[in-house]
There are 2 protein chains.
Amino acid sequence: VLDDLAPRGSELRQPMQPRTMRLHALDVWVRDAAVLTDAERVRATLRAGALAGGATVLGEEFCVFPNGAVTGVLVLAQSHLSIHTWPEFSLANVDLLSYGELSGVDVLRIVCDGLDAERTSLTTIPRAIG
Amino acid sequence: VLDDLAPRGSELRQPMQPRTMRLHALDVWVRDAAVLTDAERVRATLRAGALAGGATVLGEEFCVFPNGAVTGVLVLAQSHLSIHTWPEFSLANVDLLSYGELSGVDVLRIVCDGLDAERTSLTTIPRAIG
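Quick look at the structure, then. (Residues numbered from 1 in each chain as written. Chains lettered and ligands numbered in written order. Predicted model: local features only at pLDDT ≥ 70, side-chain atom pairs only at ≥ 80, totals over all residues. Heavy atoms only, no water.)

All names here are of chain B. Within the secondary structure layout, Ile129 lies in the segment after strand S7 (117–126). The exposure class assigned to Ile129 is buried, which follows from its relative accessible area of 12%. Sequence separation between Ile129 and Thr20 is 109 residues; the distance between their C-alpha atoms is 6.8 Å. (Helix = DSSP H or I, 4+ residues; strand = E, 2+ residues; numbered from the N terminus. Buried < 20%, exposed > 50% of the residue type's maximum accessible area, 1.4 Å probe, protein only.)

Okay, helix H2 (residues 39–52) of chain A next. All names here are of chain A. The terminal C-alpha atoms of H2 lie 20 Å apart, and with 14 residues this matches the ideal 20 Å at 1.5 Å per residue to within 8%. Within H2, the full set of buried residues consists of Ala39, Val42, Thr45, Leu46, Gly49 and Ala50. With its buried residues spanning 130° around the axis, H2 presents them on a single face. Just downstream of H2, Gly54 is the residue with a positive phi angle, here 85°. (Expected span 1.5 Å × (residues − 1). Arc of directions from axis to C-beta.)

Right, let's talk about helix H3 (residues 104–115) of chain A for a bit. Residue and element names in this part refer to chain A. With twelve residues, H3 extends 17 Å between its outermost C-alpha atoms, agreeing within 8% with the 16 Å of an ideal straight helix rising 1.5 Å per residue. Within H3 the residues assigned to the buried category are Gly104, Val107, Leu108, Val111, Cys112, Gly114 and Leu115. The buried residues of H3 occupy an angular sector of 165° when the element is viewed end-on, so they sit on one face. The outward face of H3, more than 90 degrees from its buried face, is lined by the exposed residues Val105 and Asp113. Taken together, the buried residues of H3 touch strand S2 (21–30), H2, strand S5 (79–86), strand S6 (91–99) and strand S7 (117–126). (Contact = heavy atoms within 4.5 Å.)

Right, let's get into the packing of aromatic side chains. In total, this model carries four aromatic pairs over all chains according to the counting rule given. Measuring from ring centre to ring centre gives 5.1 Å for Tyr99 of chain A and Trp86 of chain B, while their planes differ by 90°; the resulting arrangement is edge-to-face. A residue pair is termed interchain when its members come from two chains, as with Tyr99 of chain A in strand S6 and Trp86 of chain B in strand S5 (residues 79–86). Residue classification places Tyr99 of chain A among the buried positions, given a relative accessible area of 1%. Taking the centre distance of 6.2 Å and the plane angle of 35° together, the rings of Trp86 of chain B and Phe89 of chain B count as tilted. Take Trp86 of chain B: its relative accessible area is 0%, and that puts it in the buried class. With a relative accessible area of 15%, Phe89 of chain B lands in the buried category. One aromatic cluster in this structure is built from Trp86 and Phe89 of chain A together with Tyr99 of chain B. Positioned above the aromatic ring of Phe62 of chain B is the side chain of Arg43 of chain B, whose terminal nitrogen or guanidinium carbon lies 6.0 Å from the ring centre. (Phe/Tyr/Trp six-rings, centres within 6.5 Å; stacked < 30°, edge-to-face > 60°. Lys NZ or Arg CZ within 6 Å of the ring centre and 35° of its normal.)

Residue and element names in this part refer to chain A. It is the contact of H2 with H3, at a shortest axis distance of 7 Å, that shows an interaxial angle of 155°. Comparing the axis directions of H2 and H3 gives the class roughly antiparallel. The crossing of H2 and H3 is right-handed. Contacts from Arg41, Thr45, Ala48, Gly49, Ala50 and Ala52 in H2 reach Asp106, Val107, Ile110, Val111, Gly114 and Leu115 in H3. For the contact of H2 with H3, the residue count by class is seven nonpolar, three polar and two charged. (Axes fitted to C-alpha atoms, helices over the stretch in contact; angles between N-to-C directions. Parallel < 35°, antiparallel > 145°, perpendicular 65-115°, else oblique. Left-handed = near helix turned anticlockwise from the far one by under 90°. Nonpolar A, V, L, I, M, F, W, Y, C, P; charged D, E, K, R; others polar.)

The next point concerns unusual backbone geometry. Negative phi values dominate among residues other than glycine, just as trans dominates among peptide bonds. One non-glycine residue with positive phi stands out, namely Asp116 of chain A, at about 55°. By the element assignment, Asp116 of chain A lies in the loop between H3 and S7. In the Ramachandran plot, Ser90 of chain B falls in the positive-phi region, its phi being about 55° despite a non-glycine side chain. Locating Ser90 of chain B in the fold gives a position in the loop between S5 and strand S6 (91–99). Here Ser90 of chain B falls in the partly exposed class, since its relative accessible area comes to 22%.

With respect to the helices, strands and loops of the structure, Arg127 of chain B is situated in the segment after S7. Residue class for Arg127 of chain B comes out buried when judged on its relative accessible area of 7%. Side-chain polar atoms of Arg127 of chain B contact the side chain of Asp27 of chain A, separated by 2.9 Å. Among the polar contacts made by the side chain of Arg127 of chain B, one reaches the side chain of Asp95 of chain A at a distance of 2.7 Å. Setting aside residues up to four positions removed in sequence, Arg127 of chain B forms contacts with Ala25, Leu26, Asp27, Asn93, Val94 and Asp95 of chain A together with Met21, Arg22, Leu23 and Leu97 of chain B. (Polar contact = N/O pair within 3.5 Å; in protein donor to acceptor, adjacent residues only side chain to side chain.)

The following block contains the structure:
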């Protein structure tokens, strides 16, 4: 899908831009692997996280694999939020690329809550902007 | 879009899994910022990169902002490849999360070629799997 986003995009993209861009790479081990094959729950969790962090969702793409694993991406006005679940390892890889005012911590906390995380590993790296 | 991928997913996902997962975070400064507002070129470049690295594209989501900036994500059988362009800074943030046999180096080389990169900065971090 190749969309043109009338005046919305620039309103969203410009004012929130104190020139910070960060990549949050989060690995999440969950208590109950069944969560990771519940595609609707995974999708609702990502959307709830984006909302909690102040992000605006512009689009999404989700795929469900035959073993129930879910891959999903939300395209945000503030970049993107993705998930890849590995039910066989009770694991999900979550990536948030974000800039400006978006609260990465809030996004990821809600995602961890939504997946009922038992253990997490987070790496945050600064990214170039400008 | 929430798709069910008949038997394809498991064929693709299982055999290529020597349990390595990597995140490649690439920032690319380009010679000619016009490339970064050419949505079809950006999209074709991502697809060519994915193909060159041996990835299988399962879905995509692209958005074009009013200033011409492009945000796009390819959902891959091997995870995802995303781009966020900043024409005002002659910059693109490219992220590839990949596992198994996929050649991240090949993907990113083709992306850099397609954008006519002048300068790049790459950070690669291992991610949990299993």
